[in-house]
Amino acid sequence: AETVRGLTGCLVQPVVGCLDLTRHTAEGFRNASLQGEDKHRVRLPRALYGAEHVARPYSQADAELKALLASIDPGLAAIGLVERVWDPAGTVAVVTDRLFLHVNRPQRMLLLKVPLRDIAEIEPRELVQAIALHLVPAAKAGPGPLLSRVANGGTRRAVAQMLNAALDSL
């Protein structure tokens, strides 16, 4: 009798264990799906930097910039941030691993998007409060340079320095 009981236990216990595993797994999925509606991010996804998309220590300002760019143009979510300059007027000039972007933050609008390889020369223009982007001949969209308006003189010079450094590294 004990032998029959032992053999029955050897066969039944693994089956019961598998059924318990299935039940607990299903409960876990159910609980996760119910809690998933209440979950929210604690912080925005981190920005990645440079052409190699390297992770650096978390920066809330850079994460907000990445979220802003992705909300304006979803294709910009995967950029590698190189440098940025904020203008007190609410715009931000951004150099990525391959683009120069000028964004109006309050209006959530992309003002300018130019591949770095298309920029031949940068010239701050104090009279019109802008940065003039002289393009390579093959990329010219029309006569004269593209103007990116930056009202603050210090910001204008910082943007020009940032762009010159980015072009020097190409």
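Coordinates for the structure precede this section.
Please read all numbers here as calculations on a predicted model, not as lab measurements.

This brings us to the pairing of strand β6 (residues 109–115). Of the pairings in the sheet, the one linking strand β5 (residues 99–104) to β6 comprises six bridges and is antiparallel in character. Residue pairing in the sheet places H102 in a bridge with L112 of β6. Between β5 and the antiparallel strand that follows it, β6, lie four residues; R108 among them carries a positive phi value of about 50°.

On to the packing of aromatic side chains. Per the counting criterion, the structure on display carries zero aromatic pairs. In this structure, R43 packs its charged tip against the face of Y58, placed 3.9 Å from the ring centre.

Let's shift gears to the side chain of T96. Tracing the backbone through its elements, the reader meets T96 in strand β4 (residues 91–96). The exposure class of T96 is buried, given its relative accessible area of 1%. Here L99 takes part through its backbone nitrogen, which lies 2.8 Å from a polar atom of the side chain of T96.

Counted by the stated rule, this structure contains eight salt bridges. The shortest N-O distance in the salt bridge between R23 and D20 comes to 3.7 Å. With R23 and D20 both in helix α1 (residues 2–36) and three residues apart, this pair spans about one turn of that helix. The exposure class assigned to D20 is partly exposed, which follows from its relative accessible area of 33%. As a salt-bridge pair, K113 and D73 come within 3.0 Å of each other at their nearest N and O atoms. Residue K113 is found in strand β6, and its partner D73 is found in the loop between α2 (60–72) and β3 (81–86); the two are separated by 40 residues along the sequence. Taken together, the salt bridges that share partners define one network made up of D20, R23 and E27.

This next bit is on a nonpolar patch on the surface. Where nonpolar side chains cluster on the molecular surface, the patch consists of L11, V12 and V16 and spans about 270 Å² of accessible area. Here V16 is to be found in helix α1.

Let us look at the pairing of β3. Relative to β4, β3 is paired through five bridges, and the arrangement is antiparallel. Within the sheet, the bridge partner assigned to W86 lies in β4 and is V92. Taking the residues that link successive antiparallel strands as the turn, the β3-β4 hairpin has four residues, and the phi of G90 there is positive, at about 100°.

A sheet is described by the order of its strands in space; here three strands give the open sequence β7-β8-β9, paired in antiparallel fashion. Each edge of the open sheet is held by one strand with a lone partner, namely β7 (119–125) and β9 (146–149). Averaged over all pairs of adjacent strands, the angle between strand axes in this sheet comes to 25°, irrespective of strand direction. Across six bridges, β7 lies against strand β8 (residues 130–135) in antiparallel orientation. Residue pairing in the sheet places I122 in a bridge with L133 of β8. Contacting β7 and β8, helix α3 (residues 153–168) runs over the sheet at an angle of about 165° to β7.

The rules behind each value
Residues numbered from 1 in each chain as written. Predicted model: local features only at pLDDT ≥ 70, side-chain atom pairs only at ≥ 80, totals over all residues. Heavy atoms only, no water. Pairing = 2+ DSSP bridges. Helix = DSSP H or I, 4+ residues; strand = E, 2+ residues; numbered from the N terminus. Phe/Tyr/Trp six-rings, centres within 6.5 Å; stacked < 30°, edge-to-face > 60°. Lys NZ or Arg CZ within 6 Å of the ring centre and 35° of its normal. Buried < 20%, exposed > 50% of the residue type's maximum accessible area, 1.4 Å probe, protein only. Polar contact = N/O pair within 3.5 Å; in protein donor to acceptor, adjacent residues only side chain to side chain. Salt bridge = Lys/Arg side-chain N within 4 Å of Asp/Glu carboxyl O. Patch = residues over 30% accessible without salt bridge, like charges linked within 9 Å, V, L, I, M, F, W, Y side chains within 5 Å. Areas by Shrake-Rupley, 256 points an atom, 1.4 Å probe, with all protein chains shown as cover. Axes fitted to C-alpha atoms, helices over the stretch in contact; angles between N-to-C directions. Contact = heavy atoms within 4.5 Å.

Spatial relationships are all this shows, so hold off on functional conclusions.
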